[in-house]
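# Report on the structure
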Amino acid sequence: MLGRLQGFLAFAAAAFGVLVLSAQTGAQTDKQPEKQPEKKKERDIFDYAAHKAAKNVQRIVFVADTAPHGAKGNHEFLGAAMYFAQIINAQYPNAYCAVHTKKGWPKDLKHADTIIVLLNDGGSAVNDAVKEAMSRGAGFMAIHYAVEVNKGVQGDAFKKWIGGYFEQQWSVNPVWQGEFKEIPKHETTRGVKPFAIKDEWYYHMRFNDKMEGVTPILTALPPISTLKKDSDKKSYPREGNPAVNQEVKAGVKQVVAWAYDRPDGGRGFGFTGLHYHSNLGNDDFRKLLLNAVAWVSKLEVPANGIETKALSRQDLDEILVQKDIAIKTRGIDVKK
């Protein structure tokens, strides 16, 4: 009798456990799955309507030249602009970058908080739309050949916008190894260590009188071999003149990148390198450029600068692949 009772109790306990488990399972089955938060739409760098309509963000406009300049890998301005824009968009929720081409210069820039140009000659940037943006205190940055404009109206505009420009018969554009042994303390240099790199570093810019408002960022002493041998007596458009010859012989370091604090509160930046696309593979070179994009746009530069993954040869090639895809899918005209 006792054995039968014990067996019945064991069976009852097991049955109760099955019922409890079934109830729990049923409850889980009946429960509706939690709604996942909607994924934020990626900011399209070629969606100009969305860029104009964006609210509560710093709207940054890149304008890149697509005309070829020698062999592949030289003046890859569209690829560089796309890379910079995508990095800034990814790291700054409060910024939205869009990329235009020189042939597609925006006629209306009333929405632009910053304009960054990568051009084969910066003269096209001196237009009514940019002038209007500058009158509002928008930031302005010129990279490589974009710092060269004509003396006079264009040069005066660049001196107001970035504090200086490349002036023919005064400035020079040789290829040389810039050795930047001392990096000054500035928001744009956060996390940037001394480095050396070969590029077409322009120097002897035509700056504001007494360098007013201009902060040298990269300075180095080029070898005298970067100038024409008779440049102590004769002036050339871009290869040397007596003024620059005298400075180099005297050991005066030359400024090849600079920040500019404008009297109206706007910011400007000039960077004479980036002839070679491969130079984006240098961590410090790349970080300085990205920091400058952020600074000129009045975005907070992190204490260690803008961190990005190291770019291998394959990564650099991929940037150009993505550029070519954009040209094909977006109908970008790259003819001269």
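What counts, and at which threshold
- Starting from 1, residues in each chain are numbered consecutively following that chain's sequence as written.
- Whole-chain, interface and lining totals are the exception, using all residues; otherwise, since this is a predicted model, local features are given only for residues with pLDDT of at least 70 and side-chain atom pairs are given and counted only at 80 or more.
- Where side-chain values are given, they derive from all heavy atoms of the structure, hydrogens and water being excluded.
- Between rings of Phe, Tyr and Trp, where Trp is taken as its six-membered ring, a pair exists when centres lie within 6.5 Å; planes separated by under 30 degrees are stacked, by over 60 edge-to-face, and by other angles tilted.
- Working definition: helices are DSSP H or I runs of at least four residues, strands are E runs of at least two. Numbering for both runs from the N terminus.
- Each residue's exposure class comes from its accessible area (1.4 Å probe, protein chains only) as a fraction of the maximum for that residue type: buried when under 20%, exposed when over 50%, partly exposed otherwise.
- Note on contacts: a residue pair qualifies if any of its non-hydrogen atoms lie within 4.5 Å across the two residues.
- A carboxyl oxygen of Asp or Glu within 4 Å of a side-chain nitrogen of Lys or Arg is what we treat as a salt bridge.
- To qualify as a nonpolar core, a set must consist of buried Ala, Val, Leu, Ile, Met, Phe, Trp, Tyr and Cys residues joined through side-chain atoms within 4.5 Å.
- Here the expected span of a helix is defined as 1.5 Å times the quantity of residues minus one.
- Nitrogen and oxygen atoms within 3.5 Å of one another constitute a polar contact, given that in protein one can donate a hydrogen and the other can accept it, and given that sequence-neighbouring residues count only through two side-chain atoms.
- At least two DSSP bridges between two strands are needed for those strands to be called paired.
- Between N-to-C directions, angles cover 0 to 180 degrees, with each direction set by a line fitted to C-alpha atoms, over the stretch in contact for helices.
- Handedness of a crossover is defined as follows: orient the strands so they point away from the viewer, and if the path from the first strand over the helix to the second runs clockwise, the crossover is right-handed.

### Observations regarding the packing of aromatic side chains
Under the defined criterion, the tally for this structure stands at 12 aromatic pairs. Seen in terms of ring centroids, Phe180 and Trp201 are 5.1 Å apart; in terms of plane orientation they differ by 80°. Their pairing is edge-to-face. In this pair, Phe180 sits in strand E6 (residues 176-180) while Trp201 sits in the loop between strand E7 (195-199) and strand E8 (206-207), placing the two residues 21 residues apart along the sequence. Across this residue pair, the class does not change: Phe180 and Trp201 are buried. Here Phe271 and Phe285 contribute two aromatic rings whose centre-to-centre distance is 5.3 Å and whose plane-to-plane angle is 85°, an arrangement assigned as edge-to-face.

### Examining the environment of Val149
Examined against the element boundaries, Val149 turns out to sit in the loop between strand E4 (139-143) and helix H5 (153-162). It is 6.5 Å that separates the C-alpha atoms of Val149 and Phe166, two residues lying 17 residues apart in sequence. Residue contacts for Val149: discarding those within four places in its chain leaves Gly122, Gly123, Gln154, Gly155, Phe158, Tyr165 and Phe166.

### A few points about the pattern of salt bridges
A side chain of one charge can pair with a side chain of the opposite charge if their charged atoms are brought near each other. All told, the structure shown has 19 salt bridges when counted by the stated rule. A salt bridge links Lys72 to Asp324, with the nearest nitrogen and oxygen atoms 3.8 Å apart. Pair noted here: Lys72 is in the loop between strand E1 (58-64) and helix H3 (77-91) and Asp324 is in helix H8 (residues 313-330), with a separation of 252 residues, a long-range link. For Lys72, a relative accessible area of 59% puts it in the exposed group. When its relative accessible area of 30% is taken as the criterion, Asp324 is described as partly exposed. The closest approach of N and O atoms between Asp284 and Lys193, which form a salt bridge, is 3.6 Å. Separated by 91 residues along the polypeptide, Asp284 in helix H7 (residues 283-296) and Lys193 in the loop between E6 and E7 bring together distant segments of the chain.

### Regarding unusual backbone geometry
Backbone geometry places His204, a non-glycine residue, at a positive phi of 60°. Residue placement: His204 occurs in the loop between E7 and E8. Backbone geometry at Lys298 places phi at a positive 60°, although glycine is not the residue there. Topologically, Lys298 is positioned in the loop between H7 and H8.

### Here we look at the nonpolar core
Formed by 62 residues in total, the largest nonpolar core has its most connected members in Phe62, Phe84, Ile88, Leu118, Leu218, Phe269 and Phe271. The greatest single-element share of this core, amounting to 10 residues, is contributed by H3. The residues touching Phe269, leaving out its near neighbours within four places in the chain, are Phe140, Met141, Ala142, Ile162, Thr188, Ile217, Ala257, Trp258, Ala259, Ala292, Trp295 and Val296. Membership of the second largest hydrophobic core comes to 34 residues, among which are Trp105, Ala157, Tyr165 and Met205.

### Things to note about H7
A rise of 1.5 Å per residue sets the reference length of H7, with its 14 residues, at 20 Å; its end C-alpha atoms lie 20 Å apart and thus fit the reference within 8%. Residue Asn282 occupies the N-cap position of H7, its side-chain oxygen lying 3.0 Å from the main-chain nitrogen of Asp284. Among the residues trailing H7, Lys298 stands out with phi positive, at a value near 60°.

### Things to note about the sheet that holds strand E11 (residues 267-271)
With mixed pairing, the 7 strands of this open sheet are ordered in space as E2-E1-E3-E4-E11-E10-E9. Both outer strands of the open sheet, strand E2 (95-101) and strand E9 (214-220), are each paired with one neighbouring strand and no more. When the angles between neighbouring strand axes are averaged without regard to direction, this sheet yields 15°. In the sheet, E4 pairs with E11 via 4 bridges, with the strands oriented parallel. Note on E11: the bridge partner recorded for Ile143 is Phe271.

### Structural notes on the pairing of E4
The element E4 is extensively covered by neighbouring structure, given that 5 of its 5 residues are classed as buried. The alternating pattern of E4 places Gly139, Met141 and Ile143 on one face and Phe140 and Ala142 on the opposite face, and all of these are buried. In this structure, strand E3 (residues 114-118) lies alongside E4, joined through 5 bridges in parallel fashion. Bridging across to E4, Leu118 finds its partner in Ile143. Regarding the hand of the β-α-β motif, the stretch spanning E3, helix H4 (residues 128-135) and E4 is right-handed.

Treat this as a map of the structure, not an account of what it does.
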